[in-house]
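What follows is each chain in one-letter form.
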Amino acid sequence: MDAKDNTLYPLIILFFLLGLVVGYVIHKPVTEERIQIVNQTVKETPIIKEVEKIVYVTVTPTSTVSAVVTSVSGDFSVKIYDPATDRPSNTMELTNWRFSPDTLSIRSGETVLIKITDLSLQNPLILTIDPSDPQYKRDLGRSGAVVVTFNKKGTYNLKAVTISSDPNIQPTTYGQGTVTIY
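Because the structure is a prediction, the values reported are computed rather than measured.

## Focus on a nonpolar patch on the surface
Then, in step 1: On the surface, Leu11, Leu14, Phe15, Leu18, Val22 and Ile26 cluster together to form a nonpolar patch covering roughly 610 Å² of accessible area.
Then, in step 2: Position of Leu18 relative to the elements: it lies in helix H1 (residues 3–26).
Then, in step 3: Overall, Leu18 belongs to the partly exposed group, its relative accessible area being 49%.

## What to know about the pattern of salt bridges
Then, in step 1: All told, the structure shown has three salt bridges when counted by the stated rule.
Then, in step 2: Two residues, Asp75 and Lys152, come together in a salt bridge whose shortest N-O distance is 3.9 Å. On the criterion of sequence distance, the pair formed by Asp75 in the loop between strand E1 (70–72) and strand E2 (76–80) and Lys152 in the loop between strand E9 (145–150) and strand E10 (154–162) is long-range, its members being 77 residues apart.
Then, in step 3: Arg107 is the partner of Glu110 in a salt bridge, and the nearest nitrogen-oxygen pair spans 3.7 Å.
Then, in step 4: A relative accessible area of 23% places Glu110 in the partly exposed class.

## Details of the packing of aromatic side chains
Then, in step 1: The full count for this structure, using the stated rule, is five aromatic pairs.
Then, in step 2: With a centroid separation of 5.8 Å and an interplanar angle of 90°, the aromatic rings of Phe76 and Tyr136 are classed as edge-to-face. With Phe76 in strand E2 and Tyr136 in strand E8 (residues 136–141), the pair connects residues that are 60 residues apart, well separated along the chain. Across this residue pair, the class does not change: Phe76 and Tyr136 are buried.
Then, in step 3: Between the aromatic rings of Phe76 and Tyr156, the centroid separation amounts to 5.8 Å while the plane-to-plane angle is 85°, which identifies the pairing as edge-to-face.

## A few points about the pairing of strand E7 (residues 125–130)
Then, in step 1: Most of E7 sits inside the fold, with five of its six residues counted as buried.
Then, in step 2: Note: E7 against E8, five bridges, orientation antiparallel. When the bridges of E8 are listed, Leu127 appears paired with Arg138.
Then, in step 3: Hairpin geometry of E7 and E8 is characterised by an intervening segment of five residues between the two adjacent antiparallel strands.
Then, in step 4: With six bridges joining them, E7 and E10 adopt antiparallel strand pairing. By the bridge assignment, Leu127 is partnered in E10 with Ala160.

Quick notes on the rules
Residues numbered from 1 in each chain as written. Predicted model: local features only at pLDDT ≥ 70, side-chain atom pairs only at ≥ 80, totals over all residues. Heavy atoms only, no water. Patch = residues over 30% accessible without salt bridge, like charges linked within 9 Å, V, L, I, M, F, W, Y side chains within 5 Å. Areas by Shrake-Rupley, 256 points an atom, 1.4 Å probe, with all protein chains shown as cover. Salt bridge = Lys/Arg side-chain N within 4 Å of Asp/Glu carboxyl O. Helix = DSSP H or I, 4+ residues; strand = E, 2+ residues; numbered from the N terminus. Buried < 20%, exposed > 50% of the residue type's maximum accessible area, 1.4 Å probe, protein only. Phe/Tyr/Trp six-rings, centres within 6.5 Å; stacked < 30°, edge-to-face > 60°. Pairing = 2+ DSSP bridges.

Below is the structure:
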């Protein structure tokens, strides 16, 4: 160590300690003590009234989709899924931007439950089943389910499309599937 280091480091430490002491003195909290005598008496006891309000609400369903069976030209019929009464023989889920499973082979007269299991949907889905005359479309919303009964042999193409409330956004294909009736 040279002579500069022997004086420089102790001076730095001294000024640091001096700064701490001065900072403490300047910012030292001051405690004021005041004694205040309050001499008041309560003249009357307050009366508290409790009021109970009962509101009756009548619940009405808001769904615009009918629960009736829709028959499409004898080829297949579609109805809203009711878990209490419907026992479909097969299930196709709409999840992760696809049908799961995307192909299905069943006998004539069997039922397929098509349901949305994707909880992250921002827009409703429209289900389309081809061939049908006229083309069959149903709005499934964001969490809907339908039971489809296929009555005629053939191959049916399923397509789910997301729609937006903004007219400038084009519909997007969510998933495609195929049901073969033998």
